[in-house]
Structures are given as structure tokens and as C-alpha cells.
Amino acid sequence: MPRMRHTWAAVVAALFLSAAATSAQPTTDGSLTPPRSPRNADYTITARLDPATRTITGTEVITWRNDTAKAAADLQFHLYWNAWKNPRSTFMREQALAASESGAARSPNEWARIDVGSVIVGGVDRTASRRFVAPDDENADDETVMDVPLATPIAPGSTATITIAWTAHVPRTFARTGAIGNYFFIAQWFPKLGVLQDAGWNCHQFHAGTEFFSDYGVYDVSLTIPTGWPIGATGVERETRNDGSQTVHRFYQEDVHDFAWTTSPDLLVRTARFEHPTLPPVEMRLLLQPEHEQQAERHFDATRTTLKYYGEWFGAYPYGHITIVDPAFQSGAGGMEYPTLFTAGTRWLAPSRVTTPEGVTVHEAGHQFWYGIVGTNEFEDAWMDEGFNTFSTARAVAQVYEPNFLALRYFGGFVPWVVRDIALSRETEGNRLAGYRRDAKSDSQSTPSYRYFPATGGSITYNKTALWLNTLERWLGWPTLQRTLSTYFVRWQFKHPKPDDFFTIASEVAGRDLTPFFDEVYRSSNAFDYSVDDLKSVRDGDRYHTTVVVRRRGEARWPDLVPVVLKFRNGEEIIEVERWADEERWKAHIYDRPAQAISAEVDPRRVVLLDVNYTNNSRTLTPQGGAAATKWSLKWLVWLQDCLLSWAALV
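Residues numbered from 1 in each chain as written. Predicted model: local features only at pLDDT ≥ 70, side-chain atom pairs only at ≥ 80, totals over all residues. Heavy atoms only, no water.

Asks: For this particular structure, what's the right way to read the overall build of the protein chain?
Replies: Secondary structure summary: the protein chain contains 13 helices and 32 strands in total. For the protein chain, whose C-alpha radius of gyration is 27 Å, the value lies close to the compact-globule estimate of 26 Å for 651 residues. For the protein chain, the spread of C-alpha atoms along the three principal axes comes to 95 × 70 × 55 Å. In the protein chain, of all internal contacts separated by at least 6 residues, the share reaching a separation of at least 24 is 72%. For the protein chain, the computed accessible surface area is about 26,500 Å², with 53% contributed by carbon and sulfur atoms. Between the averaged position of the 65 positive side-chain charges in the protein chain and that of its 77 negative side-chain charges there is a distance of 4 Å. (Helix = DSSP H or I, 4+ residues; strand = E, 2+ residues; numbered from the N terminus. Rg over C-alpha atoms; globule rule 2.2 N^0.38 Å. Contact = heavy atoms within 4.5 Å. Areas by Shrake-Rupley, 256 points an atom, 1.4 Å probe, with all protein chains shown as cover. Lys, Arg positive; Asp, Glu negative; His and termini not counted. Charge placed at Lys NZ, Arg CZ, Asp CG, Glu CD.)

Asks: How should the sheet that holds strand β10 (residues 183–186) be read in this particular structure?
Replies: What holds strands together in a sheet is hydrogen bonding between their backbones, with the strands either parallel or antiparallel. Spatial ordering of the open sheet is given by β9-β10-β18-β15, a layout of four strands whose pairing is antiparallel. Each having just a single partner strand, β9 (178–180) and β15 (231–233) make up the two edges of the open sheet. Taken pair by pair, the neighbouring strands of this sheet meet at an average axis angle of 10°, ignoring direction. (Pairing = 2+ DSSP bridges. Axes fitted to C-alpha atoms, helices over the stretch in contact; angles between N-to-C directions.)

Asks: Even after reading the chapter, I still don't get the pairing of strand β14 (residues 217–226), so can you show me in this structure?
Replies: Side-chain positions along a regular strand alternate between the two faces of the sheet. Counting buried positions along β14 gives ten out of ten residues, so the element sits mostly inside the fold. In the sheet, strand β1 (residues 41–50) pairs with β14 via six bridges, with the strands oriented parallel. Bridging across to β14, Thr44 finds its partner in Asp220. (Buried < 20%, exposed > 50% of the residue type's maximum accessible area, 1.4 Å probe, protein only.)

Asks: Sorry if this is basic, but what is going on with the confidence of the model for the protein chain here?
Replies: Interpreting fine coordinate detail is not advised for predicted regions of low pLDDT. Within the protein chain, residue pLDDT values average 93, and 95% of them lie at 70 or more. Throughout residues 1–23 the model reports pLDDT below 50, and contacts reaching past four residues in sequence, or to other chains, amount to 27 contacts. (pLDDT = per-residue confidence, 0-100.)

Asks: Would you explain the packing of helix α6 (residues 383–400) against helix α10 (residues 478–492) in this entry?
Replies: One can describe the packing of α6 onto α10 by two numbers: an axis separation of 14 Å at closest approach and a directional angle of 135°. By the angle class used here, α6 and α10 are oblique. Both α6 and α10 take part in a crossing whose hand is left-handed. Contacts between α6 and α10 involve Met384, Phe388, Phe391 and Arg395 from the former and Trp478, Leu481, Leu485 and Tyr488 from the latter. (Parallel < 35°, antiparallel > 145°, perpendicular 65-115°, else oblique. Left-handed = near helix turned anticlockwise from the far one by under 90°.)

Asks: In this structure, what is going on with the packing of aromatic side chains? I would like to understand it.
Replies: For any two aromatic rings, the description comes down to two numbers: the centre-to-centre distance and the angle of the planes. According to the stated counting rule, one finds 53 aromatic pairs in the structure shown. Between Trp84 and Phe174, the aromatic rings sit 5.3 Å apart at their centres with planes inclined by 5°, giving stacked as the arrangement. On the criterion of sequence distance, the pair formed by Trp84 in the loop between β3 (72–78) and α2 (90–97) and Phe174 in the loop between β8 (159–169) and β9 is long-range, its members being 90 residues apart. Here the two residues Trp84 and Phe174 agree in accessibility, since each one is buried. Taken together, a centroid distance of 5.6 Å and an interplanar angle of 45° make the contact between Phe206 and Phe212 tilted. Of the two residues, Phe206 and Phe212, both sit in the buried class. Here the basic side chain of Arg106 rests over the ring of Phe174, its NZ or CZ set 3.5 Å away from the ring centre. Its guanidinium or amino end placed over the ring of Trp492, Lys495 lies 5.7 Å from that ring's centre, counting from NZ or CZ. (Phe/Tyr/Trp six-rings, centres within 6.5 Å; stacked < 30°, edge-to-face > 60°. Lys NZ or Arg CZ within 6 Å of the ring centre and 35° of its normal.)

Asks: Honestly, α6 in this entry has me stumped. Any pointers?
Replies: The periodicity of an α-helix, 3.6 residues per turn, causes residues three or four positions apart to be oriented the same way. Here α6 contains 18 residues, and its C-alpha end-to-end distance of 25 Å stays within 8% of the 26 Å for a straight helix at 1.5 Å per residue. With 15 of 18 residues buried, α6 is to be regarded as a mostly interior element. (Expected span 1.5 Å × (residues − 1).)

Asks: Could you clarify how one ought to interpret the side chain of Thr340 in this entry?
Replies: With respect to the secondary-structure elements, Thr340 resides in the loop between β22 (336–338) and β23 (341–343). Since its relative accessible area comes to 0%, Thr340 is described here as buried. Here Gly235 takes part through its backbone nitrogen, which lies 2.9 Å from a polar atom of the side chain of Thr340. (Polar contact = N/O pair within 3.5 Å; in protein donor to acceptor, adjacent residues only side chain to side chain.)

Here it is, written out as C-alpha cells:
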């Protein structure tokens, strides 16, 4: 590996910015001083939930500032719940394409919709001018984007006040929002402005494989729910007003780009605190299902793990509070992130040394950093939060929870069986290698995320990014990658970065041009696959004539040196370093040595974690029949044991 050069000016600047960012202490009342974000989209919302009819009626006042260089002649809003209005929406068509839920089995009252009653802009009623648009696919049946032409354009730098009244029907859960029984998890539930950029409105339709994008602001939300129902929401509860059978809960949070909430009469409330020598304290609030009461500390411990390691590696969590939600059984609301609030996911039977609930908790808490604080456009560049967070999750889990073991689940996932002979590794299960191998060539990562093939987009968004970040760690070293990520985090917090913003920082901190690497992993759908194609070692007099043929089977080209290690029976070891360049697909190495070769291996340190086939990376001349027989015998015995256990449970 060549010696690394560091851009020390960039590193010092990043450390200075990080110190400045953490000097402004978070508060526990939902405010951040001084302001961290542009705050150009503030929402004051008043809403009432009727659990019996599963209806939300609401009014919102948006104070919006045009931060672009062009006047806004219209306003565009996301009406996300209209994706579940009927099976003809773009979201439902894409789900069907992915062989996922079609909605055909749902009753009429289990669908969703947002009905906008009025839109007033600057005191002028624009309700009659509103219309639905489909900027991505021209689907006339899709009503997830509402366009409102204006009587008077909003000039650059000017502010407008927008008042909207709406009614929403809560669905049986779609995309982790909705209701089951008397458990409600409510997200993407109000008309929300898109993001105006110099090129125009960035307001995509709701797609099955992508999530969200919006501006930062201040949220002041008053929610009326049945008295006695615990509630959790983005921000901090500042006020409670009891009106007999109904209670108004007012939540407030500055410098966030969304607001979600949950309520149910069954929720248990638990609290704890995160403390750290160099990071700000965080008040943790857990809304827990009664059957999971004994797992409360596991949720808190996993959240502490996230706040500690993400905070040390990237930068401090800026809010003084966080809410953890344990969703109801079969609610479909688990494993999702929102500002200062996230849903975890667990089971009634959760054995130790299995990362349930820890894995989901770390991942969703981690989205407070890669999504909440660094505000990526999840429609177009979802890998910049999901992929970064998958990598970060695997690394954080490895610090605390290894070894963790494979758990097989039976009877609909209800009963776990822990296979303590199989420890799960960060590089494979943590980075989701199996899914990437299957789908490696399905899309170039530079394709806008909403255009990924629905059935395989997750592998490109989550798995591929985690693998190439871990590959960078193994190639450049963790100190270099950690400085890259922390510099990026500090420089782009409360902003909307694009891919080139990260790539520029990566090359800057590494002290070398990483463009060839990103050309392969981001700008192409090529796969890496290096192999040892042949190994021969034949006696020729008093010496052995050895031939090793190595090949680049994949189209992707590694931008640095790839070692090939040859080992001999007398203990001698030869390391050849190859650079596969241009169209060169193979190379032969020929040696005359006094001892016979026993093995050859390409990339022995497994730097290239994106290699889609490790089994061809090496060859040996030492018989392996015994090991092979043991391997396949054990596989057969595990299968037989599973059959016998299942049979024994039924007799």
C-alpha cells in the first residue's frame, strides 16, 4: 500500500468547525441557540385525531422564504398519503413491480388520502387554482404532488405565509405509517412544501423505493387526542391542555425538516439519560409496548451506543432529547427515522447476543445524523443517508455487540433458535453483502434513486454504499475515512449536500484523487471480481516450475495495487502486486523455486469488499477433501436438526 498523504489544513479546519458546532449547547425545550439551519420553512400545525373514524383534521400555517435566485410563480406540496388512495398511484404500481403489496386485499377504509380543503397564500385564496402534477412519470392517477399557481410570484429573499386546511384518513399501515387497533403511528401526514432550487421545484412524486426531502425550519404542533393516551412526537412537549375527554399536546422543535408522532392507550413511558465526557447530554424517552417492558434497557443501551460512537466519529448530536418508539405487534411501523424520534423493532422473545432490538435501534437512531442533521435528498441520492448509515451501524454494532449470533425463527418468526456456532460479521451481514452480490449490476448508483428498479434498489442504496465505504476504510485506513466523514458531517450539517460534495471532501482529506474509485462504485454498475484462475507447481529436476494465472473477471477496475500472495511448502512467501489497467484481464506469474507451491490468493486482506465472489480468490494444491466433507456434513446435520425440532414441536 502506498504511503498516504494528508491535507492537514482540511483536517484542522474540520476540527475547528466541530468544536464550534458543539460549543452551542442543546436545550431540552426544543430550541437550538444559535440557529443551526436556514429555517426557511416553518410550520405551525393544529390537528385533531378521531380514533373511531381514523381521521385527522388539521390546519397549518407555513412561513416560507424563497432562498433561491428566482421568483416562485407557484408552490408545490407533497401529499404523501395520496399514494395509498388507490392501486393506480405510482407508489402502488412500483410496489406491484417489486412483487410487493398490491393493496388488493385491503378493505376501503384501510386506504388513505389527504383532502385539501383550502389554500390561502399571502391572504389570497388560491384553492380553486390547485391541481395535481406528476413530474416524474406523468401518471394522471398519481395525486401525491399538488401544484398551486400564484397570483403574485414570490421574489427571491421574500417570505410568504401559506395557510392550508386539510382532512386525512389514517390507513392500515403503509410504508410504516398508519394504524392497527388503537395504535397510531403518524408520519408524512400533512401537506408539505417541496424544496425550491434555482432549477425549479424539487418535489418528486412518492415512490415505493424512496423517502423524503424537505427544508429545515421550526415546527410548532398542537395535537388533540383522547385524554390519558401517552403520546410521543418530534421535539419537546411544551404545553398540555386538558379538555375533559380530549387533551391538547403542544410540541416544539427548531432546526428540523419533518414532524412525526405516535399515540396509543397501551404505551408504557420510560426515561433515561445519555451522558458522555465530551458530548452533550441527551434525555431519552422510550414509548414501549407492555409485552416488551423487560427490554427497555436494551433500547436505551443501543441508543447510547449510537450517540456515543456517531458523536465521537462524526460530530455531536445537537438536540438535547430523543424519543424511541417500540411499535405495536404487526403494526408495520418499525424501523423508521424522523427528526428527534425513531421507531425501533423487536420481538417478544429476544435472546441475548442477538441484535434484536439493538441492530434496528442503532440504525434508526443513527439516522438522526445521516438524514436528520445532514439533509440528503432521499428521492435522488438515498444512498447518502441509508448507505452511510448502514456502514455506520455495522461499525457501531461491532464496537459493542460482537460476537452476535445467527438466530433462526420459527412459527411465523415467533420462536427464535440461536445458532451460537455462527457469529455474524460486520463485513458480510453488517454490510448486507449477500443482497449486493445478487443485485450488483441492477443499477448504476448515480441513477436518481427514484428510478432504481423497485425490487433491487435497496441493494444499491444500502448494501453497495456500506461495502464501498468499508472498502475505503480498509484501503485508506480508518483515521482517513473517519476524518473524511467528520469533515463532511460538520461542513454539510443542516444543509442539502449532493454526491460531488462528499467526493470532493474524500479526495481532499485523503490527499489523493479518488475519482477513479468513485467512477467505478458510483458512476457505473460494474462489479469487482478478481480470481486465481490456475495454479500449477510441477517438479523440474531439483526445482519446481510454478505457474499462477490471475484474472479480472468483473468489469470494475480497482484503482490501486492488488496483491497476489503465493505460498510454498518450505514457508517461503512471495507477494506480487498487480495493477489491472485498461483492458488487461489476466496475468501469468512464473517461478522456479526449490519448494512446491501450496496456495495462491488474490487480495488476501480482503480490501475489496465489493468483490462479488470470494470463492474464486484463491487456489490450493493441498487436498481439502476432509474440510469439504465436514462442511457439507454439518450443513446436512443442521438441516436435519431443524426438521426434527419442527416435528418434535408438533407431536
